[in-house]
Amino acid sequence: MSTSIVPRSAGLGLLVYVLATFIAFMLSGAPGGDYSDAKIVDYIAPSHATVAFIVWYVAALGALALVVFGAGLRRIPGIGQPLSALATVAAALSVAGSFLAGGVAVGMVEGGSAVQQQAPHSAVYLLTEIGNLLAVCGPALSVGVIAIVLAVKTRMPVWVRVVAVVGGVCGILAPFFFTYLIYVIAALALSVAFMTERAVRDRKPEQAASIV
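Conventions used here
- Residues numbered from 1 in each chain as written.
- Predicted model: local features only at pLDDT ≥ 70, side-chain atom pairs only at ≥ 80, totals over all residues.
- Heavy atoms only, no water.
- 1 Å grid on protein atoms, 1.4 Å probe; cavity = no way out; pocket = protein on both sides within 12 Å on 5 of 7 lines; lining within 4 Å.
- Points joined across faces, edges and corners; volume = space filled by probe spheres on them.
- Helix = DSSP H or I, 4+ residues; strand = E, 2+ residues; numbered from the N terminus.
- Nonpolar A, V, L, I, M, F, W, Y, C, P; charged D, E, K, R; others polar.

Caption draft 1: Summary view of the layout of surface pockets. Reported here for the largest pocket is a volume of approximately 240 Å³. Along the wall of the largest pocket there are 13 residues; nearest its centre are Gly29, Ala30, Pro31, Gly32 and Lys39. No other element matches helix H2 (residues 37-43), which puts 3 residues into the lining of the largest pocket. Class assignment of the residues belonging to the lining of the largest pocket gives a composition of 5 nonpolar, 6 polar and 2 charged.

Following this line, the structure appears as structure tokens:
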């Protein structure tokens, strides 16, 4: 039989990142996609600042779990080091985006009426949209590439390989947003595969124990 060469901690790191980012993206209310003035007004309202800050701070903390994910990938011969570095890049992008999107809401409160009344809503939209891209789509791109490389270069069960490729492509296309949910589901499935040690296997089977 073959053995897993990626520790369960890698799967846990991927799971924490996916859940934290997805929950923040769904609950933060940060404007993005089609422009809506009403969404901007709601997002920059002083009553929403605390919620926005907490949600995006959780996302930033969750993004650091990608470093744990990358540390586990480092054990893979040949491709482990670059994949680990890419996971760290993804973490940095997500942390930066989380503070950008959350900082807009907080800045409106700290800046007072001068900022709240004079900041153009179109500028607010641009900042939160860029924040969304950095926090959500940037790491999805990186993790998507990682998933595809793992599927091509490592020994995986067929179902895991299919999930990795489909999820990887959807992660790369995450800026279109309609692929994001598929990416999240695929990433969750991969995290479970890692945690149950059913994903990346050693190419060389273990030697059978000698009976002599």
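Caption draft 2: Expanded view of empty space enclosed by the protein. Applying the stated criterion across every chain, the model contains 2 cavities of 30 Å³ or more. What lines the largest cavity is simply Val143, Gly144, Ala147, Gly167, Gly168, Tyr183, Ala186, Ala187 and Leu190. Counting residues per element, the ones that place at least two in the lining of the largest cavity are helix H6 (121-153), helix H7 (158-172) and helix H8 (180-195). Sort the elements by how many residues they give to the lining of the largest cavity and H8 lands first, with 4 residues. Along the lines of polarity and charge, the residues of the lining of the largest cavity split into 6 nonpolar, 3 polar and no charged. Empty space within the second largest cavity amounts to approximately 30 Å³. In this structure, the second largest cavity is lined by Leu14, Phe69, Val143, Ile146, Ala147, Leu150, Leu190 and Phe194. Within the residue set of the lining of the second largest cavity, elements represented by two or more residues are H6 and H8. Sorting elements by how many residues they give to the lining of the second largest cavity places H6 first, with 4 residues. Along the lines of polarity and charge, the residues of the lining of the second largest cavity split into 8 nonpolar, no polar and no charged.

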